Amino acid sequence: MSVLPAPSALSLRDVVLDFRDLTKVYPTPTGEYVVLENLQLQIKKEEFVSIIGHSGCGKTTLLTMIAGLNDISRGQILLNEFPITGPGPDRGVIFQSPSLLPWMTALENVLLGVEQVFPQASRAQQRDICRYYLDKVGLGNALDRRATELSQGMQQRVGIARAFALKPKILLLDEPFGMLDSLTRAELQDVLLEVWDKEKITAIQITHDVDEAIFLADRVIMMTSGPRAQIGDILDIDFARPRVRKDILNHPDYYGYREHLIGFLEH
Amino acid sequence: MGQSQATTSLAPAPKAALPALTRFLPDRAALARRAPGAARTLLISLASMAVFLLLWQLSASYLYGVEADARIARVTQEQGEAAGAEMAACIASGNISCRPNTLPFPGEVVQAAQLLLADHRAIRAKKLAFRAETAPVNAARAEQGLDPIVYTGRPSFLDQVGTSLKTVAVGFLISLLIAVPLGVLIGLNDTLRIAFNWMIQVFKPVSPVVWLLLVFMIVKTLTLGSDSDTSFLISSISVGLCAMWATLVNTSLGVSSVNKDYLNVARVLQLGIGKKIFKVILPSAIPLIFTGMRITVSVAWMVLIAIELLAQSPGLGSFVWEEFQNGGTDSNAKIIVAMFVIGLVGFLLDRMMFWVQQRVSFETVRA
C-alpha cells in the first residue's frame with residue numbers, strides 16, 4: 001500500500017506546501033486525543049489535490065491548520081518554505097457553508113476581500129476584479145443581489161469567486177459542495193474547474209465524494225480513520241486537462257480509479 | 001459536437017440561476033391564501049371586542065348597583081327613611097350631584113373622549129387667538145431683544161399626549177446613547193462584560209420610581225441656582241435609565257454571538273479591527289440590537305406614566321393623577337380614556353419600531 005513518493009522525487013522549487021511531522025492533538029478531560037500524527041506530505045505548484053477519508057479522520061482539521069484557523073500542535077506546515085503561523089488572504093478558503101455576509105450584496109462580499117488584498121488599486125479596478133470573477137462563476141447579472149436572496153448554489157458560486165479574486169497562493173476547499181443537491185453540485189464542479197483551468201492555483205479540496213475527487217484532482221490522498229490518522233494511500237489521476245465530464249465518465253481508466261478509492265474506503 | 005452539447009447541458013450556469021431568482025418575488029398564490037386568514041383575524045378581533053364591551057357594560061352596571069345601594073343604605077341609616085327614598089329617587093333620575101362614583105360605563109368614556117376633544121379645540125382656538133393678539137407685541141419685544149410672551153394657559157389632553165411623546169423620545173435617545181456603545185464594548189471585551197455584569201443584574205430590576213428618585217437627587221444638585229423647570233429633564237432621564245437595559249443586554253449578546261463562519265471570513269481576510277467591527281460584527285448584531293430597541297421603546301412608554309405621575313412633569317401621567325385627585329363626576333371616565341390612549345400610542349410605537357426593525361434587518365423579523 002505504500003505508494004508515498006520519496007521527497008526527493010519533487011524538486012524543492014516546485015513544492016508549494018510541505019507538511020513535516022504534522023501532528024494535531026486535542027486535549028480532552030480523559031487525556032490527549034491525537035487526531036493526526038506525524039503526517040508527511042508535499043504538494044506541488046499548480047496541483048489539484050483531493051483529500052478523501054471517513055468522517056472524523058481529521059481532514060477538516062488538516063485544512064483548517066493550513067488556513068491558519070487552527071493551531072498546529074507539533075511539526076510544521078511550510079508554505080513556500082515559510083512556516084504557517086496564522087490565517088491570511090494568501091490562502092483562499094471556500095467554506096462548506098457559503099459563509100457570505102448576508103447583509104452584503106454578492107459584489108460587496110467579494111469586494112471585502114479584494115480591498116484587503118489590493119489596497120493600492122483604485123475603487124474602479126477593485127470592482128472590476130470582483131465583476132470579472134463573479135461573471136466567471138455565472139453571476140454576472142446578480143452582482144447587486146443580497147446574499148440572502150441567492151440560492152445555496154448561487155451563494156457558493158460567490159464563495160468561489162471570492163476565493164479566486166484574492167489571487168491566493170493556495171485554494172482550500174472544505175467540502176464546498178457537500179450541502180448542495182447533486183445537479184447543482186455537478187454544475188458547480190464544472191464552474192470551479194473552468195475558473196481553475198485559467199488560474200491554476202494550487203488547490204486542496206476535502207471531499208466525501210469519490211467521483212468528485214476523481215473528476216477534479218490530479219492526486220487523491222486517502223486518509224486512514226482516526227485517531228492518529230495517517231495518509232493511507234495516494235492515487236494519481238492521469239486525465240488530461242481541461243476535463244469534460246462526459247469524457248471522464250467514459251474513460252477506460254475511470255472505473256479503475258473509482259474501484260481503487262472505494263476499495264480503500266471500505267477497507 | 002456531441003461533447004460540447006454534453007458540457008453545456010451539465011453547466012447551464014446562468015440559465016439555471018434565473019428560475020431560482022423568481023423564488024424571491026412575492027408569490028401571488030401565497031398572498032391569496034393569506035387573505036381569508038386576514039378576514040378571519042378581523043372577524044375574531046371584532047367579535048372579541050364586542051364581548052369585551054359587553055362584559056365591561058355588565059360589570060359597570062353591577063358596580064353601579066352596589067355603590068348606589070350602599071349610598072342609599074348609608075343615608076337611610078344616618079338621616080332616616082325619607083332621606084333614603086329621596087336619595088334613591090335622585091340616583092334613579094341620573095342627577096349628577098348624587099351619581100355613584102365607580103367604574104364608568106363605556107358610553108360615558110366615549111362622552112369623556114368627545115369632551116376632551118372639544119376641550120382641545122377650545123384651548124387651541126384660545127391659543128391661536130392669543131398668538132394673533134400678541135404678535136405685534138412680540139415683534140416689538142423681539143426688536144428690543146426681549147423674550148416673546150407665550151401662552152401659559154392649561155394644556156389640553158392632546159397637548160399632554162404630545163408632551164409625553166416628547167419625554168419618551170428624549171428618554172429613548174438617552175438610553176440608546178448609553179446602551180448601544182456600552183453594549184458593543186461589553187460584547188467585544190470579555191473583561192468589560194464581567195465588570196459590568198453585576199451592575200446589569202442588580203440595576204435591571206430596579207423600579208422606575210426609585211430611578212426617578214435617584215435622578216432627582218443628582219439633577220437637583222447639578223442644577224442648583226438655575227430656576228428653569230427640571231421636571232422634564234428628570235423624567236426623560238429616568239425613562240431612559242429604566243428602559244435602556246433591554247437594548248444593552250441585546251446589543252452585547254448580538255455582538256458577542258456573531259456567527260463563527262463570519263468571524264473566520266474576517267480572520268482569513270485579516271480585516272483590521274475597525275473593519276471587522278463595522279463590516280462584520282455590527283451588521284451581524286443589528287437584528288438583536290433592534291429587537292432590544294423595540295423592547296426599550298415599549299418599556300419607556302410603560303414606565304413614563306408612573307414617572308410623570310411622580311415627577312409632576314406635564315404629560316399623560318400627571319393628567320391621570322390630576323383627574324384622580326380632583327374627583328370630578330367624569331374624572332373616572334377621563335382616566336379610562338387616558339388608559340386607551342396610552343395603550344394605543346404604545347401599540348403604534350411598537351408597530352413603528354417593528355417597521356424600522358424590518359427595514360434594517362437582513363433577517364425576517366417576526367411580529
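Conventions and cut-offs
Residues numbered from 1 in each chain as written. Chains lettered and ligands numbered in written order. Predicted model: local features only at pLDDT ≥ 70, side-chain atom pairs only at ≥ 80, totals over all residues. Helix = DSSP H or I, 4+ residues; strand = E, 2+ residues; numbered from the N terminus. Buried ≥ 20, exposed ≤ 12 C-beta atoms within 10 Å, placed from the backbone. Contact = placed C-beta atoms within 7 Å. Pairing = 2+ DSSP bridges. Axes fitted to C-alpha atoms, helices over the stretch in contact; angles between N-to-C directions. Expected span 1.5 Å × (residues − 1). Bend = angle between axes of the 7 residues up to and from the residue. Domains from an automatic or database assignment. Core = buried A, V, L, I, M, F, W, Y, C linked by C-beta atoms within 7 Å. Parallel < 35°, antiparallel > 145°, perpendicular 65-115°, else oblique. Left-handed = near helix turned anticlockwise from the far one by under 90°. Nonpolar A, V, L, I, M, F, W, Y, C, P; charged D, E, K, R; others polar.

*Asks:* When you look at the overall build of chain B in this model, what are you seeing that I'm missing?
*Replies:* Each helix and strand in chain B was counted, giving 13 helices and 0 strands. Ordered by position from the N terminus, the helices and strands of chain B form the series α-α-α-α-α-α-α-α-α-α-α-α-α. Going through the 367 residues of chain B one by one, you find that 26% of them count as buried. The contacts in chain B between residues at least 6 apart in sequence include a share of 75% that link residues at least 24 apart.

*Asks:* Would you mind showing me how to read the sheet that holds strand β8 (residues 202–207) of chain A here?
*Replies:* Sheet strands pair by backbone hydrogen bonding; their relative direction is either parallel or antiparallel. All names here are of chain A. The strand order across the open sheet built from 6 strands is β6-β7-β8-β3-β9-β10, with neighbouring strands paired in mixed fashion. Edge positions in the sheet fall to β6 (91–94) and β10 (231–236), since each has one partner strand and no second. Shown here is a sheet whose adjacent strand axes are inclined to one another by a mean of 20 degrees, direction ignored. Along the sheet face, helix α8 (residues 254–266) touches β3 (48–52), β9 (219–223) and β10 and points at about 175 degrees away from the line of β10.

*Asks:* Sorry, what's going on with the environment of Ile170(A) here?
*Replies:* With respect to the helices and strands, Ile170(A) occurs in strand β7 (residues 170–174). By C-beta crowding, Ile170(A) is classed as buried, having 20 other C-beta atoms within 10 Å.

*Asks:* What am I meant to see in helix α9 (residues 231–256) of chain B here?
*Replies:* Residues lying three or four places apart along an α-helix face the same way, a consequence of the helix completing one turn every 3.6 residues. Residues and elements named next belong to chain B. Here α9 contains 26 residues, and its C-alpha end-to-end distance of 38 Å stays within 8% of the 38 Å for a straight helix at 1.5 Å per residue. Remark: the principal bend of α9, roughly 40 degrees, maps to Met244. With 20 of 26 residues buried, α9 is to be regarded as a mostly interior element.

*Asks:* In this structure, what is going on with the domain arrangement of chain B? I would like to understand it.
*Replies:* How big an interface is tends to be expressed through the accessible area that disappears when the partners come together. For chain B, the domain assignment lists domain 1 (27–98) and domain 2 (155–360). Each of domain 1 of chain B and domain 2 of chain B has a C-alpha centre, and the two are 36 Å apart.

*Asks:* I would appreciate a short explanation of the nonpolar core in the present structure.
*Replies:* Looking at soluble globular proteins, one finds that nonpolar side chains tend to be buried together. Counting 130 residues, the largest nonpolar core has Val110(A), Ala161(A), Ile204(A), Val220(A) and Ala300(B) as the members making the most contacts within it. Top element by residues in this core is helix α11 (residues 273–311) of chain B. It accounts for 18 residues. Not counting chain neighbours up to four residues away, the residues in contact with Ala300(B) comprise Val168(B), Gly171(B), Phe172(B), Ser175(B), Val239(B) and Ala243(B).

*Asks:* Got a minute to help me understand the environment of Ala203(A) in this structure?
*Replies:* Residue and element names in this part refer to chain A. With respect to the helices and strands, the residue Ala203 is situated in strand β8. Taking the number of C-beta atoms within 10 Å as the measure of exposure, Ala203 has 25 and is therefore buried. Along the primary structure Ala203 and Glu46 are separated by 157 residues, whereas in three dimensions their C-alpha atoms are 7.4 Å apart.

*Asks:* Honestly, the packing of helix α12 (residues 316–326) of chain B against helix α13 (residues 331–360) of chain B in this entry has me stumped. Any pointers?
*Replies:* Geometry of a packed helix pair, given as the angle between the helix axes and the separation of the axes. Residues and elements named next belong to chain B. One way to put it is that α12 packs onto α13 with a least axis distance of 9 Å and a crossing angle of 165 degrees. Considered as vectors, α12 and α13 are oriented roughly antiparallel to each other. Handedness of the crossing formed by α12 with α13: left-handed. Where α12 abuts α13, its residues Leu316, Phe319, Val320, Glu323, Phe324 and Asn326 lie against Ser331, Lys334, Ile335, Ala338 and Ile342. Its residues assigned to classes, the contact of α12 with α13 shows 7 nonpolar, 2 polar and 2 charged.

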